[in-house]
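Examination of the molecular architecture
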Amino acid sequence: MSRQLIHLIAAARPNFMKIAPIYHALLNEADWAQAVIVHTGQHYDHEMSAAFFADLGMPQPSVNLEVGSGSHAEQTGSVMIAYERYCQAHRPDWVIVVGDVNSTLACGLVAKKLNLPLAHLEAGLRSGDRTMPEEINRIVTDSIADLLWTPSEDADENLRNEGVPAERIVRVGNVMIDSYELVRDKIEAADVTTELGLAGAFGVVTLHRPSNVDSADTLRELMQVLAEISRRASIVFAVHPRTAARLKEFGLEPSRRSAPGLRLIEPMGYIRFMGLVRKARFVITDSGGVQEETTYLDIPCLTLRATTERPVTVTHGSNRLLEPHALAAAVEDVLAGSWPHGRRPPLWDGHTAGRVIASLRKRLPAAFTPRKG
């Protein structure tokens, strides 16, 4: 009997890291599974896309839908049109979507309208803020998915509260940690700090959310705070393409004179970026994935958001939610050694992919009898 065709949907940086462990695990299930990586093209910058595939040991995607940028409606609609055509030509047995980007929702909708089994990895996360497009993507995707793989107890509870049947919810842990462990040796060998000439305490910054970068006033305040902090500790700001465009548009690109300790660099691949983060004294971010990675590494994380869909990084980890005006004082706490240590949440252990595969095996058609072990 032919193998089960499984589409792994990838669209943006966090997606690449979430599908990598699943892809590698499915390679060991070749007697019953054939994994196909479908890249929607939502991130089309090389460092935001192709470099991550190389870092994580994945082949280039079997197909790139090349939808590019656009409004939320344009991007979602373009992905739906392109992915539906691909599914009709290459009908899968399972569609696995990850995270909460527009492509997650779009491919999930296509799967269910074609009556295809749909699994959502990283299901159940909620910020409670429906002004965030990602929150809408999460809620809708979870409402239509057949199988919901969650990273933590709070995610299970969210789904139960929304009426999702218990048999559809499977807690598997955090697959982002699998990605880190997959290439840990390479990350630890990456000497990015020497390359950048960093000595002493330094921080890493990533910012890309519209609430932080699309307003000139907000971004100006943030850049002023970062300049102030850079007088106490060096800061490496890995600038997302969206943020770079706004800095240029608003005339906010810092000078060496105004912020001598603040260095702006282009986005990095996963290995080099994590090689930098693991040695940082603190991280300032609005990224969901970075909140998780710093929790795992017990690095102080200063998150510039009012809410997070990953509250376990606050209740268990080293993450704190902050407004811009509180940022400088928080960094002083870190440098003074008064930032509290966190602990790793349960099942954030590098073995999530194995639990995902075990869950999928249980739902195979009766005709399939995959090998044991």
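What comes next concerns the included structure. (Residues numbered from 1 in each chain as written. Predicted model: local features only at pLDDT ≥ 70, side-chain atom pairs only at ≥ 80, totals over all residues. Heavy atoms only, no water.)

A closer look at the pairing of strand S4 (residues 94-98)
Counted only if it meets this: Burial here depends on accessible area, computed with a 1.4 Å probe over protein chains only, as a share of the maximum for the residue type. Under 20% is buried, over 50% is exposed, and the range in between is partly exposed. Here a helix means four or more residues in a row that DSSP labels H or I, a strand means two or more in a row labelled E, and each is numbered from the N terminus. Two strands pair under a simple rule: DSSP has to find at least two bridges between them.
Most of S4 is tucked away, with 5 of its 5 residues classed as buried. Burial along S4 is two-sided: Trp94, Ile96 and Val98 facing one way and Val95 and Val97 facing the other are all buried. The pairing of strand S1 (residues 4-10) with S4 spans 3 bridges and is parallel. Considered in S4, the bridge of Ile6 is made with Trp94. The pairing of S4 with strand S5 (residues 118-121) spans 4 bridges and is parallel. Within S5, the residue paired with Val97 across the bridge is His120.

What to know about the packing of helix H1 (residues 13-27) against helix H17 (residues 352-361)
To keep it simple, the criterion reads: Convention adopted: a line fitted to C-alpha atoms gives each axis, helices being fitted over their contacting stretch, and angles between N-to-C directions are expressed from 0 to 180 degrees. Our angle categories are set so that under 35 degrees counts as roughly parallel, over 145 as roughly antiparallel, 65 to 115 as roughly perpendicular, and the remainder as oblique. Each crossing gets its handedness from the near helix: less than a right angle anticlockwise from the far helix is left-handed, clockwise is right-handed. Note on contacts: a residue pair qualifies if any of its non-hydrogen atoms lie within 4.5 Å across the two residues. Only Asp, Glu, Lys and Arg are considered charged in this grouping, and only Ala, Val, Leu, Ile, Met, Phe, Trp, Tyr, Cys and Pro are considered nonpolar; every other residue, Gly among them, is considered polar.
One can describe the packing of H1 onto H17 by two numbers: an axis separation of 9 Å at closest approach and a directional angle of 60°. Regarding the angle of H1 to H17, the classification is oblique. Where H1 crosses over H17, the two elements pack in a sense that is right-handed. Residues Pro21, Ile22, Ala25 and Leu26 of H1 touch H17, and the partners they reach there are Ala353, Val356 and Ile357. Across the contact of H1 with H17, the residue classes break down as 7 nonpolar, no polar and no charged.

Side note on the pattern of salt bridges
Opposite charge on two side chains allows them to pair when their charged atoms are near. Where we set the bar: The term salt bridge refers to a pairing of a side-chain nitrogen on Lys or Arg with a carboxyl oxygen on Asp or Glu at a separation within 4 Å.
Within the structure shown, the criterion is met by 26 salt bridges. In this structure, Asp146 and Lys112 form a salt bridge, with 2.8 Å as the shortest nitrogen-oxygen distance. Here Lys112 lies in helix H4 (residues 102-113) and Asp146 lies in the loop between helix H5 (133-144) and strand S6 (147-150), a separation of 34 residues in the sequence. The exposure class of Asp146 is partly exposed, given its relative accessible area of 32%. By relative accessible area, Lys112 is classed as partly exposed at 24%.

A look at the layout of surface pockets
Condition: Here a cavity is any set of points on a 1 Å grid over the protein atoms alone where a 1.4 Å probe fits but cannot get out, and a pocket is any open set with protein on both sides within 12 Å along at least 5 of 7 lines; a residue lines the site when it has an atom within 4 Å of a point. Grid points are joined across faces, edges and corners, and a volume is the space filled by probe spheres set on the points.
Roughly 240 Å³ of volume is contained in the second largest pocket. Looking at the second largest pocket, it is lined by 16 residues, and the ones nearest its centre are Arg256, Pro260, Gly261, Leu262 and Arg263. Counting only elements with at least two residues in the lining of the second largest pocket, the list comes to strand S9 (234-238) and strand S10 (262-265).

Structural notes on the environment of Glu162
Rules: Polar contact is defined as a pair of N or O atoms within 3.5 Å, subject to the rule that within protein one atom must be able to donate a hydrogen and the other to accept it, and that residues adjacent in sequence are counted only when both atoms are side-chain atoms.
Relative to the assigned elements, Glu162 resides in the loop between helix H6 (153-161) and strand S7 (169-171). The sequence separation of Glu162 and Ser143 amounts to 19 residues, and the corresponding C-alpha distance is 8.5 Å. Among the polar contacts listed, one links the side chain of Glu162 to the side chain of Arg126, at a separation of 2.8 Å.

Looking at H17
Rules: Arc definition: it is the arc formed by the directions from the helix axis to the C-beta atoms.
Within H17, the full set of buried residues consists of Thr352, Ala353, Val356, Ile357, Ser359 and Leu360. For H17, the buried positions fall inside an angular range of 160° around the axis, keeping them on one side.

Details of the packing of H4 against H5
Two elements in contact, H4 and H5, have axes whose closest approach is 9 Å; the angle formed by their N-to-C orientations is 25°. Put simply, H4 runs roughly parallel to H5. Note that H4 runs across H5; the crossing there is left-handed. Contact residues: H4 offers Asn102, Thr104, Leu105, Gly108, Leu109 and Lys112, while H5 offers Asn137, Val140, Thr141 and Ile144. Tallied by class, the residues present in the contact of H4 with H5 amount to 4 nonpolar, 5 polar and 1 charged.

With respect to unusual backbone geometry
Where the residue is not glycine, phi is negative for most of them; where a peptide bond is considered, it is trans in most cases. Although it is not a glycine, Glu122 sits at a positive phi angle of roughly 80°. Here Glu122 is to be found in the loop between S5 and H5.

Digging into the packing of aromatic side chains
What counts here: What counts as a ring pair is set by centres within 6.5 Å for rings of Phe, Tyr and Trp (its six-membered ring), and what kind of pair is set by the plane angle: stacked under 30 degrees, edge-to-face over 60, tilted for all other angles.
Counted by the stated rule, this structure contains 2 aromatic pairs. A ring pair is formed by Phe16 and Phe53, whose centres lie 4.9 Å apart and whose planes are at 45°; its orientation type is tilted. Highlighted residues: Phe16 in helix H1 and Phe53 in helix H2 (residues 50-55), separated in sequence by 37 residues. Note on Phe53: relative accessible area 1%, which makes it buried.

Focus on the sheet that holds strand S12 (residues 301-303)
Pairing within the open sheet is parallel, and its 6 strands lie in the order S10-S9-S8-S11-S12-S13. Among the strands making up the open sheet, the edge pair consists of S10 and strand S13 (319-321). Averaged over all neighbouring strand pairs, the angle between strand axes comes to 20°, with direction disregarded. Bridge analysis of strand S8 (residues 202-206) against S9 gives 4 bridges, and the strand direction is parallel. The residue bridging Phe202 from the neighbouring strand is Ser234, located in S9. Sheet strands touched by helix H16 (residues 327-335): strand S11 (282-285) and S12. Its angle to S11, the strand with the most contacts, is close to 160°.

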